[in-house]
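# Summary of structural features
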Amino acid sequence: MDNNEIISYPLMTESASLMVEKDNKLIFIVNLKAGKAEIKKAVEELYEVKVSKVNLQITSQGVKKAYVKLTPEFKASDVAIKLGIL
């Protein structure tokens with residue numbers, strides 16, 4: 001799968017903005033067939049950061065969310081600003 005097929009779009013809600021500031025995490029809506037390793041690779045290549053951990057959740061609407069924690073040397077807020085979501 002292509003990186004742009006894996007990651008649909010970043011999600012920015014009030015709770016997501018708190019995660020950006022407190023936990024250095026970003027939330028993305030991703031393809032249902034994408035796994036953790038594919039998502040990690042896609043985020044690292046698209047946004048030029050290092051990912052330390054990926055958690056996945058499938059919502060009741062059938063949408064897959066990826067909670068992506070960045071390594072300490074990268075700031076999630078910088079990526080969010082670059083994406084125009086913060």
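The structure reproduced in this document is the subject of the present report. The shown structure was predicted, so the numbers you read here are calculated from the model rather than taken from an experiment. (Residues numbered from 1 in each chain as written. Predicted model: local features only at pLDDT ≥ 70, side-chain atom pairs only at ≥ 80, totals over all residues. Heavy atoms only, no water.)

Our next topic: unusual backbone geometry. Non-glycine residue asparagine 24 carries a positive phi angle of around 60°. Position of asparagine 24 among the secondary structure elements: in the loop between α2 (14-23) and β2 (25-30). Exposure remark for asparagine 24: the relative accessible area of 16% places this residue in the buried category. Even without being a glycine, glutamate 48 presents a positive backbone phi close to 55°. By secondary structure assignment, the location of glutamate 48 is in the loop between α3 (36-47) and β3 (51-58). (Helix = DSSP H or I, 4+ residues; strand = E, 2+ residues; numbered from the N terminus. Buried < 20%, exposed > 50% of the residue type's maximum accessible area, 1.4 Å probe, protein only.)

Let's shift gears to the sheet that holds strand β4 (residues 64-70). Taken together, four strands build an open sheet; the order of strands is β1-β2-β4-β3 and the sheet is antiparallel. Both edges of this open sheet fall to β1 (7-10) and β3, since each of them pairs with a single strand only. Recorded for the sheet is a direction-independent mean angle of 30° between the axes of neighbouring strands. Note: β3 against β4, seven bridges, orientation antiparallel. When the bridges of β4 are listed, asparagine 55 appears paired with tyrosine 67. The sheet strands contacting α2 are β2 and β4, and the helix crosses β2 at an angle near 140°. Packed onto the sheet, α3 meets β1, β2, β3 and β4 and runs at close to 125° relative to β3. (Pairing = 2+ DSSP bridges. Axes fitted to C-alpha atoms, helices over the stretch in contact; angles between N-to-C directions. Contact = heavy atoms within 4.5 Å.)

Everything listed here is a matter of geometry and, on its own, says nothing about what the molecule does.
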